[in-house]
Amino acid sequence: MTSNTRVVVIGAGLAGVRLARRLGELGTPALLVGDEEHAPYNRVLLAEVLAGRYAPEVITLPPPAGLLRTRVTGIDRAARTVSCADGMSIAYDTLVLATGSNPVLPPLRGLFTPDRRLPEGVHAFRTLDDCLGLAKAVRPGIRAVVIGGGLLGVSAARALAVRGAQVVLAQQAERLMERQLDPDASRLVRHHLTELGVEVHTECRVRDVRCVAGAVRSVELADGYALDADLVVLACGARPRTGLAEQAGLAVRKGVLVDDELRTSDPYVHAIGDCAQHDGTVYGLAAPALEQAEALAELLAGDPGARYRGTRSLTRLTLTGPGSPFDLAAFGETEARPGDDVVRLTDATRGTYRKVVVRDDRLVGGVLVGELGTVGALARAWEGAEPLPGDGPLLHLLTNDGGS
């Protein structure tokens, strides 16, 4: 069976769905090909589903007009066709790779069964199926170990704790969310998790997963200490899903290399989202993926001036649970260099922390924990990258809650 569609998008995640919907709005229909059995969904909200805050259907994305559920197995660039696992061949004039990323599975002894499956009780946390499997397995009192203390690991640990699990979070780095937060903000995140009952271990390397009869029973640390575990969550980051691109001979480094037109080394093939590497950066975040989709939609719909110049993205996280929500936001460089100006405001009573870093009269980063009323004004000043006025703007930006 062969079908002809001018634009074919592989991948029905945030980037692929946004691109297909936007193209439809601009009068350029696209065929979206996705290999998950579920309707497209917002992966950013998976931790809220795991915590029981949202039902799975709440995070469903509005579907585009054309959606085909099948797995693409290969790309023939000469013939401009893609082949699918069900035998279908789909012709394209323009192909867009929005294949996303795969979870990083750490090289731990005992992690895989002889047939290369994860043992019973060991879960990645990347897809809705992963989330539903975890939600089915978790119950009050179950012993859970989360491996990885980045954004995903912190979210997973919080969600499991809210569900009543006894959670241990093992982080190899010296602090939680070290890529986004400075030490002070990281300590506040750790304190919040501890209040929820999460036991946090930093500078802690997991060495071994111990199983009995194919089911996990404990996790062994590099120092020989063993953590009892009925449930293990792998939250060790993600890696761009580039297999199709590599097999097709496209230029790939960390991700599929793209230019400002989000065009790969083949002018008829583009890439967006987690799988794409633009100007040396693989973002792996929702905001850049959506911006790339918008820019590419404009370009493919006939705007010759449409370009993607990169994204200055803000990380935002809300940790819900007993008591009031714990909000944080971080952007740019949260650690100062020699010569930078730093302004901090801390209110221990209200549990708030605000910090900005200024270099050469420009705001280069900041982190806020607690009340986020000023985040809008700060983010706009950072994104604009313009020199700050000289009349004491930093204190104003940090305290003016009308800017959100």
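For the structure given in this document, a descriptive report is provided here. (Residues numbered from 1 in each chain as written. Predicted model: local features only at pLDDT ≥ 70, side-chain atom pairs only at ≥ 80, totals over all residues. Heavy atoms only, no water.)

**What to know about the pattern of salt bridges**
Argument step 1. Using the criterion set out here, one finds 29 salt bridges in the structure.
Argument step 2. Between R43 and E36 there is a salt bridge whose closest N-O contact spans 3.9 Å.
Argument step 3. For R43, a relative accessible area of 28% puts it in the partly exposed group.
Argument step 4. The exposure class assigned to E36 is partly exposed, which follows from its relative accessible area of 25%.
Argument step 5. A salt bridge links D266 to R77; its shortest N-O distance comes to 2.8 Å. Within this pair, whereas D266 is found in the loop between strand 17 (256-258) and strand 18 (269-271), its partner R77 is found in the loop between strand 4 (72-76) and strand 5 (81-84), the two being separated by 189 residues in sequence.
Argument step 6. Classification of R77 as partly exposed rests on a relative accessible area of 28%.
Argument step 7. Here the residues in one salt-bridge network are R18, R22, E25, E294 and E298, joined through shared partners. (Salt bridge = Lys/Arg side-chain N within 4 Å of Asp/Glu carboxyl O. Buried < 20%, exposed > 50% of the residue type's maximum accessible area, 1.4 Å probe, protein only. Helix = DSSP H or I, 4+ residues; strand = E, 2+ residues; numbered from the N terminus.)

**Examining the environment of A295**
Argument step 1. Along the polypeptide, A295 turns up in helix 7 (residues 286-300).
Argument step 2. Along the chain, A295 and R307 lie twelve residues apart, while their C-alpha atoms are 5.9 Å from each other.
Argument step 3. Those residues within four positions of A295 in sequence are excluded, and the remaining contacts are L262, A306, R307 and Y308. (Contact = heavy atoms within 4.5 Å.)

**With respect to the packing of aromatic side chains**
Argument step 1. Evaluation of the coordinates by the stated rule reveals two aromatic pairs.
Argument step 2. For the ring pair Y283 and Y308, a centre distance of 6.5 Å and an interplane angle of 80° mean the geometry is edge-to-face. A residue pair is termed long-range when its members are at least 10 positions apart, and Y283 in the loop between strand 19 (276-278) and helix 7 and Y308 in the loop between helix 7 and strand 20 (314-319) qualify at 25 residues.
Argument step 3. Seen from their ring centres, F331 and W382 are 5.1 Å apart, and the 45° between their planes marks the pair as tilted. With F331 in strand 21 (residues 326-332) and W382 in helix 8 (residues 375-384), this residue pair connects regions lying 51 residues apart in the sequence. (Phe/Tyr/Trp six-rings, centres within 6.5 Å; stacked < 30°, edge-to-face > 60°.)

**Details of the sheet that holds strand 23 (residues 352-359)**
Argument step 1. Strand order in the open sheet formed by five strands is 20-21-24-23-22, with antiparallel pairing between adjacent strands. Where the open sheet ends on each side, the last strands, each with one partner, are strand 20 and strand 22 (341-347). When the angles between neighbouring strand axes are averaged without regard to direction, this sheet yields 10°.
Argument step 2. In this structure, strand 22 lies alongside strand 23, joined through seven bridges in antiparallel fashion. Residue pairing for strand 23: V343 is matched across the bridge by V356.
Argument step 3. Relative to strand 24 (residues 362-369), helix 8 is tilted by about 155°, and along the sheet it contacts strand 20, strand 21, strand 23 and strand 24. (Pairing = 2+ DSSP bridges. Axes fitted to C-alpha atoms, helices over the stretch in contact; angles between N-to-C directions.)

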